[in-house]
Amino acid sequence: MLKSGIGVAVVASLVGLSGCASQAEMVGAGTGAALGAAVGGGPMATLGGAMVGYGAGHVYDQKHR
């Protein structure tokens, strides 16, 4: 569980440092990380889920402008 929390923190900090993440991208990254941690349980699953969720949030933003 600790590794998953670290993975979520790393992804959130990377997205936060970029300074251009929208709310949909942040929600997607957080949800994807949580889902990846629940399904895979490892840090790579957490990071992978976060990246997929971030991408989904980005696509959502592009379609709903």
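About the thresholds
- Residues numbered from 1 in each chain as written.
- Predicted model: local features only at pLDDT ≥ 70, side-chain atom pairs only at ≥ 80, totals over all residues.
- Heavy atoms only, no water.
- Helix = DSSP H or I, 4+ residues; strand = E, 2+ residues; numbered from the N terminus.
- Buried < 20%, exposed > 50% of the residue type's maximum accessible area, 1.4 Å probe, protein only.
- Contact = heavy atoms within 4.5 Å.
- Areas by Shrake-Rupley, 256 points an atom, 1.4 Å probe, with all protein chains shown as cover.
- pLDDT = per-residue confidence, 0-100.
- Polar contact = N/O pair within 3.5 Å; in protein donor to acceptor, adjacent residues only side chain to side chain.
- Axes fitted to C-alpha atoms, helices over the stretch in contact; angles between N-to-C directions.
- Parallel < 35°, antiparallel > 145°, perpendicular 65-115°, else oblique.
- Left-handed = near helix turned anticlockwise from the far one by under 90°.
- Nonpolar A, V, L, I, M, F, W, Y, C, P; charged D, E, K, R; others polar.

1. Notes on the overall build of the protein
Then, in step 1: For the protein, the count of helices and strands is three helices and zero strands.
Then, in step 2: Going residue by residue from the N terminus, the α and β elements of the protein occur as α-α-α.
Then, in step 3: Sorting the 65 residues of the protein into buried and exposed places 26% on the buried side.
Then, in step 4: Looking at the protein alone, contacts between residues at least 24 apart form 65% of all its contacts between residues at least 6 apart.
Then, in step 5: Working note: accessible area of the protein is about 4200 Å², and carbon and sulfur atoms make up 72% of it.

2. Examining the confidence of the model for the protein
Then, in step 1: Averaged over all residues, the pLDDT of the protein equals 76, while 69% of them reach at least 70.
Then, in step 2: Of all secondary-structure elements in the protein, the lowest mean pLDDT belongs to helix α1 (residues 2-18), at 63, while helix α3 (residues 43-63) reaches the highest, 84.

3. Side note on the side chain of E25
Then, in step 1: Among the secondary structure elements, E25 is positioned in helix α2 (residues 23-39).
Then, in step 2: Under the relative-accessibility criterion, E25 is labelled buried at 4%.
Then, in step 3: Within the structure, the side chain of E25 is placed 2.7 Å from the side chain of H58, a separation counted as a polar contact.

4. Observations regarding the packing of α2 against α3
Then, in step 1: Between α2 and α3, whose axes approach to 6 Å, the crossing angle comes to 150°. It follows that α2 is roughly antiparallel to α3 by the angle criterion. In this structure, α2 crosses over α3, and the sense of that crossing is right-handed. Mapping the contact onto sequence places A24, E25, G28, A29, G32, A33, G36 and A37 in α2 and A45, T46, G49, A50, G53, Y54, G57, H58, Y60 and D61 in α3.
Then, in step 2: Among the residues forming the contact of α2 with α3, the class breakdown is eight nonpolar, eight polar and two charged.

5. Some thoughts on the side chain of D61
Then, in step 1: With respect to the helices and strands, the residue D61 is situated in helix α3.
Then, in step 2: For D61, a relative accessible area of 17% translates into the label buried.
Then, in step 3: Not counting the four nearest positions on each side in its chain, D61 is found in contact with S22, A24 and E25.

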